[in-house]
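The residues making up each chain are set out below.
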Amino acid sequence: MTVSKEYDILHTSTMPVIALRGLTVFPSVLIHFEIAREASVKALEAAMNAGSPVFLVGQRDIAVEEPELNDLYQVGTISNIRQILRMPGDNVRVMVEGQTRGRLLQMVRTGPYLEAEVREIPIPEVPARGSARTEALMRSTYELFQEYAELSPKLAPDLMIHVLASQDPGHIADYIAQNIPMRNTDKQSILEELRPGRRLEKLYRLLEREVEILSLDHEIQERAREQMSDHQRDYYLREQIKAIQTELGEEADEIEEYRERIARAALPDEVREKLNKELGRLAKQSYSSSESTVLRSYLDICLELPWGRRTREKVSVPAVQKVLDHDHFGLDKVKQRILEFVAVKQLAPDLKGQVICLVGPPGVGKTSVAMSMARAMNRKLARISLGGVSDEAEIRGHRKTYVGAMPGRIISAINQARSCNPLILLDEIDKLGHDHRGDPASALLEVLDGEQNATFRDNFLEVPFDLSEVMFITTANTTETIPRPLLDRMEVIELSSYTDEEKVQIARRHLLPKEMKRHGLSRQQLKVSDGALREIISAYTRESGVRVLERRLAGICRKTAMKVVSEEAKAFRVTEKDLEEYLGVPKYHPERRALEERVGVVNGLAWTSVGGELLEVEVNVVPGSGKVELTGNLGNVMKESAHAALSFIRSQADRLGIPADFYKEQDIHVHFPEGAVPKDGPSAGIAITTAMVSALTGVPVRRGLAMTGEVTLRGRVLPIGGLKEKTMAAFRNGIKTVILPADNAKDLEEIDQTVRKALQFILAERAEQVLSDALNRSLEAPAPRRRGRPPKKRPELSNLSPAPGEEEGSRMSQ
């Protein structure tokens, strides 16, 4: 607003500026507030360091983060800083005392904090005895502020005393405006009014509006209290009506509705009797009692269950095969086993109690296979994730007497499917936990047992529910963590890792079209060559399934979408030469390490719950006193295997061309890379033996060779487990030859045909044969001693964790 020149003096100074959002500071008032913006904090620090005042001015638009001259009001308050308090985080709490009004002339700097030229605005002195008009205005303001204080209980009582003690109309207006909630623009208009009488008059008008608003607010609250009283009156009347109806033998509408729903539902006799009994208890309860709420919730849940409702099942082998072939590429053995299950179901529809457990590494399609089965057989699907579930009540539910009690996940899945014969997918059953609240795996024994689940009792329902028509499919990454009694109730179907060629076809037929559709790309806009897909699989992924591959394809689609939007071109073709532009530098070089001839380094093969892995064994020999150092986060079994290998080498030192006293004059260091990953198991025995002999003799190990097998003190090579996953890992890493225990020859039939054709397998009975094939040195094995019966085969413990079907070892954790 414009101010006459008689109020201005030429006292101008430069000082830091703090822009206030939603706050106005008045002269002669002490106020504290928080500062969060970095520029404001620096302005505050600059003023403190210089011992100068700070100019506090309001911001026109509070949303502006970095205000400039046009974003600030022209009139503010020159204030002195009284106290600064550092708050948690970056906030600062400051106490300031307003001194006088000031006018913002121009900005001197805008960074790192605001600094401006500010001119003080003098306020005319008020005479000791003001005019009659001013006196009348002050009295009216006292009365109006007292009325405001009565309507606003949050107002501090000492405010009224301070107002009554002042005879300065300008200070009264400033003080009241500072301490009552008003719109920021209204406070700014009072600050900009320099004439005390006019300022008090303006405050009076604004205070009248605030009193009117508070009066309306009290009126609304009073009306709400009257309505609440009316509701209470209605409640008492309803209770009286209910008591009269009970005396006259009449039923309330709610009770009659429940009785009709029970009569219409296709309930078993035991369930109908139980619900009628609970309905009788509900009729005797008060409408608002906690017991009636529990009974009402119980009846609603029981009556919402699909008693007797079923979907018409389609048990047709050709139909299921068509859906499986359409949704999944490869997995021939898995599909064949599922079709056999469907064929038995087709010939014996009343056959119950069959539970399928799909076991395989992550990303190979376990969950999607179950979903395809539900779609092919026309069954409703309900999925239950069991990962991390450690409370038995999650399966069986809580008793209805508990506050907030609900049925367990099985009954909730039935209710969700709206059918008595759905397909329930129990996902990640191998990741069930157990603690002081019970063991959910034990609760699942009844659920998955075809002889018992016809009378499954949920703790909440308290009545039997027939689960015999439900088809259960479970998924797991490994069977080792599934309790034996629970595993005994399921038929295990193993899904192995995909070969590279299968991944190419899956990406071409399923993943790439899916990602292109998600990213809004057409077939004309993006084309990916088969060579690019193979390069992505070998150089940018290392997995048994296709989840990472799907993410890599999504990355290519995002890059392409960006280029299409940027109008660089209308169509793009991605080849192996373009992958670095889309996906960056290759992350894996599978053939680089495996195909080199190196001394003291052997490629071992390991099994994990997510598939096979190539595991290097490194041995270094240095002059010393015969110490043996084992590193790489090894378990006890693997350490014992290394000592057994060393004992065998000592017994054969003369035949291997190694000095007989090498164990006295040389230190041997055996290391397994990736030292942060725990490893255990005996199947690295022949790999450790070969690496030690190579390091002691200086003979390099053949290139493109990997091996797995347990070695004994006498040099026998014992069978191992997890052969399918291990050979798949060798195939993925470019290995050409794999040395296996001779007793594993029968397991070669289970290996994927693509892997069998690509790899050469050498079956070894003794460690001497392994050394001859791995080091190109012929060693004559000693004649075997035939004493007593041959030893029984021990199940193998893989390098990293137990393979399927093995009983010992420890798990690899990453």
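Everything quoted here is computed from the prediction, not taken from an experiment. (Residues numbered from 1 in each chain as written. Predicted model: local features only at pLDDT ≥ 70, side-chain atom pairs only at ≥ 80, totals over all residues. Heavy atoms only, no water.)

> Tell me what's going on with the overall build of the protein, and back it up with residues and numbers.
Scanning the protein from terminus to terminus reveals 28 helices and 24 strands. Buried residues in the protein amount to 47% of all 814 residues. For the protein, the share of sequence-separated contacts (at least 6 apart) that also reach a separation of at least 24 residues comes to 72%. By element, 48% of the accessible surface of the protein is carried by carbon and sulfur atoms, the whole surface being about 41500 Å². (Helix = DSSP H or I, 4+ residues; strand = E, 2+ residues; numbered from the N terminus. Buried < 20%, exposed > 50% of the residue type's maximum accessible area, 1.4 Å probe, protein only. Contact = heavy atoms within 4.5 Å. Areas by Shrake-Rupley, 256 points an atom, 1.4 Å probe, with all protein chains shown as cover.)

> So what's going on with the sheet that holds strand S8 (residues 381-385)? Residues and values would help.
A sheet is described by the order of its strands in space; here 5 strands give the open sequence S8-S9-S12-S7-S13, paired in parallel fashion. One side of each edge strand has no neighbouring strand; the edge strands of this open sheet are S8 and strand S13 (491-494). Neighbour-to-neighbour, the strand axes of the sheet open up by a mean angle of 20°, direction not taken into account. Summarising the sheet, S8 and strand S9 (residues 423-427) pair through 5 bridges and their orientation is parallel. The residue bridging Leu381 from the neighbouring strand is Leu423, located in S9. Sitting on the sheet, helix H11 (residues 332-347) is in contact with strand S7 (355-359), strand S12 (471-476) and S13, with an inclination near 150° to S13. (Pairing = 2+ DSSP bridges. Axes fitted to C-alpha atoms, helices over the stretch in contact; angles between N-to-C directions.)

> So what about the packing of helix H10 (residues 317-327) against helix H12 (residues 366-376)? Which residues, and what values?
What describes two packed helices is the angle between their axes and the distance between those same axes. Relative to each other, H10 and H12 sit at 140°, their axes nearing to 9 Å. The interaxial crossing formed by H10 with H12 has right-handed handedness. Across the interface between the two elements, Ala319, Val320, Val323, Leu324 and Asp327 from H10 touch Val369, Ser372, Arg375 and Ala376 from H12. (Left-handed = near helix turned anticlockwise from the far one by under 90°.)

> Outline the pattern of salt bridges, listing residues and values.
Here the structure, examined in full by the defined rule, presents 42 salt bridges. Arg86 serves as the salt-bridge partner of Glu45, at 2.7 Å between the closest nitrogen and oxygen. Placement of the pair is Glu45 in helix H1 (residues 38-50) and Arg86 in strand S4 (residues 75-86), with a sequence separation of 41 residues. The partly exposed category is assigned to Glu45, whose relative accessible area is 31%. We classify Arg86 as exposed; its relative accessible area is 54%. The closest approach of N and O atoms between Glu581 and Lys563, which form a salt bridge, is 2.3 Å. With Glu581 in helix H20 (residues 579-583) and Lys563 in helix H19 (residues 547-565), the pair connects residues that are 18 residues apart, well separated along the chain. By relative accessible area, which is 12% here, Lys563 ends up buried. (Salt bridge = Lys/Arg side-chain N within 4 Å of Asp/Glu carboxyl O.)

> Talk me through the pairing of strand S2 (residues 30-35); I want residue IDs and the actual numbers.
Residues Ile31, Phe33 and Ile35 of S2 are buried on one face, while the alternating residues Leu30, His32 and Glu34, pointing to the opposite face, are not. Pairing analysis gives 6 bridges linking S2 to strand S5 (residues 92-109), with the strands arranged antiparallel. By the bridge assignment for S5, Glu34 is matched with Arg93.

> Before we move on, could you go through the pairing of strand S3 (residues 54-58) and cite the residues and values that matter?
Of all the 5 residues making up S3, 5 are buried; the element is thus mostly covered by neighbouring parts of the structure. Of the two faces of S3, both are covered, the one formed by Val54, Leu56 and Gly58 as well as the one formed by Phe55 and Val57. Alignment of strand S1 (residues 12-20) against S3, held across 4 bridges, turns out to be parallel. By the bridge assignment for S3, Val17 is matched with Phe55.

> A description of helix H25 (residues 685-697) should follow, citing residues and the corresponding values.
The terminal C-alpha atoms of H25 lie 18 Å apart, and with 13 residues this matches the ideal 18 Å at 1.5 Å per residue to within 8%. For H25, the buried fraction is high: 12 of the 13 residues fall into the buried class. Among the residues of H25, Gly685, Ile686, Ala687, Ile688, Thr689, Thr690, Ala691, Met692, Val693, Ser694, Ala695 and Leu696 are the ones counted as buried. Where H25 ends, the next residue or the one after it, Gly698, has phi of about 80°, a positive value. (Expected span 1.5 Å × (residues − 1).)

> Can you explain the packing of aromatic side chains? Please cite residues and give values.
Scanning the entire structure with this criterion turns up 4 aromatic pairs. Judged by centre distance (5.8 Å) and plane angle (50°), the rings of Tyr298 and Phe460 are tilted. With Tyr298 in helix H9 (residues 290-304) and Phe460 in the loop between strand S10 (456-457) and strand S11 (464-465), the pair connects residues that are 162 residues apart, well separated along the chain. Residue Tyr298 is classed as buried on the basis of its relative accessible area of 0%. Accessibility expressed as a relative area gives 2% for Phe460, which makes it buried. Taking the ring centre of Tyr298 as reference, the NZ or CZ of Lys400 above it sits at 4.8 Å. Here Arg650 stacks its cationic end above the ring of Tyr663, 3.6 Å away from the centre of that ring. (Phe/Tyr/Trp six-rings, centres within 6.5 Å; stacked < 30°, edge-to-face > 60°. Lys NZ or Arg CZ within 6 Å of the ring centre and 35° of its normal.)

> Lay out unusual backbone geometry in plain terms, naming residues and giving numbers.
Looking along the chain, the bond that leaves Gly111 and enters Pro112 is cis, with omega of 0°. Note on placement: Pro112 falls in the loop between S5 and strand S6 (114-120). Backbone geometry at Ser28 places phi at a positive 60°, although glycine is not the residue there. Looking at the element boundaries, Ser28 is found in the loop between S1 and S2. Unlike most non-glycine residues, Glu428 shows phi in positive territory, near 55°. Looking at the element boundaries, Glu428 is found in the loop between S9 and helix H15 (440-447).

> Break down a negative patch on the surface for me, with residues and values.
Together, Asp253, Glu256, Glu257 and Glu260 make up a region of like negative charge exposed at the surface. If you trace the backbone, Glu256 turns up in helix H7 (residues 253-264). (Patch = residues over 30% accessible without salt bridge, like charges linked within 9 Å, V, L, I, M, F, W, Y side chains within 5 Å. Lys, Arg positive; Asp, Glu negative; His and termini not counted. Charge placed at Lys NZ, Arg CZ, Asp CG, Glu CD.)

> With reference to specific residues and values, describe the confidence of the model for the protein.
This prediction gives the protein a mean pLDDT of 81; 89% of its residues lie at or above 70. Below a pLDDT of 50 lies the segment residues 1-9, which in the model reaches 14 contacts outside its immediate sequence neighbourhood of four places, other chains included. Overall, residues 780-814 carries pLDDT values under 50, and its contacts beyond four positions in sequence, including any with other chains, amount to 95 contacts. (pLDDT = per-residue confidence, 0-100.)

> Account for the side chain of Thr478, naming residues and giving values.
Turning to its location among the elements, Thr478 is positioned in the loop between S12 and helix H16 (484-488). With relative accessibility at 5%, the residue Thr478 sits in the buried group. Within the structure, Thr478 has its side chain in polar contact with the backbone nitrogen of Glu480 (distance 3.2 Å). (Polar contact = N/O pair within 3.5 Å; in protein donor to acceptor, adjacent residues only side chain to side chain.)

> Explain the packing of helix H17 (residues 500-518) against H19 residue by residue, including any values.
Packing of H17 against H19 brings their axes to within 10 Å, and their N-to-C directions diverge by 45°. By the angle between their directions, the pair H17 and H19 is classed as oblique. Between H17 and H19 the crossing geometry is right-handed. Residues Lys503, Ala507, Leu511, Leu512, Lys514, Glu515 and Met516 of H17 form the contact with H19, whose participating residues are Leu549, Glu550, Leu553, Ala554 and Cys557. Of the residues that constitute the contact of H17 with H19, the class distribution is 8 nonpolar, no polar and 4 charged. (Parallel < 35°, antiparallel > 145°, perpendicular 65-115°, else oblique. Nonpolar A, V, L, I, M, F, W, Y, C, P; charged D, E, K, R; others polar.)

> Go over the environment of His218, please, and point to the residues and values.
Within the secondary structure layout, His218 lies in helix H6 (residues 196-248). Separated by 66 residues in the primary sequence, His218 and Ser152 place their C-alpha atoms 9.8 Å from one another.

> Can you break down the environment of Thr77 residue by residue, with the values?
By secondary structure assignment, the location of Thr77 is in strand S4. C-alpha separation for the pair Thr77 and Phe26, spaced 51 residues apart in sequence, amounts to 6.3 Å. Once you skip the residues sitting within four places of it in the chain, Thr77 turns out to touch Val25, Phe26, Pro27, Val54, Phe55, Leu56, Gly98, Gln99, Thr100 and Leu191.

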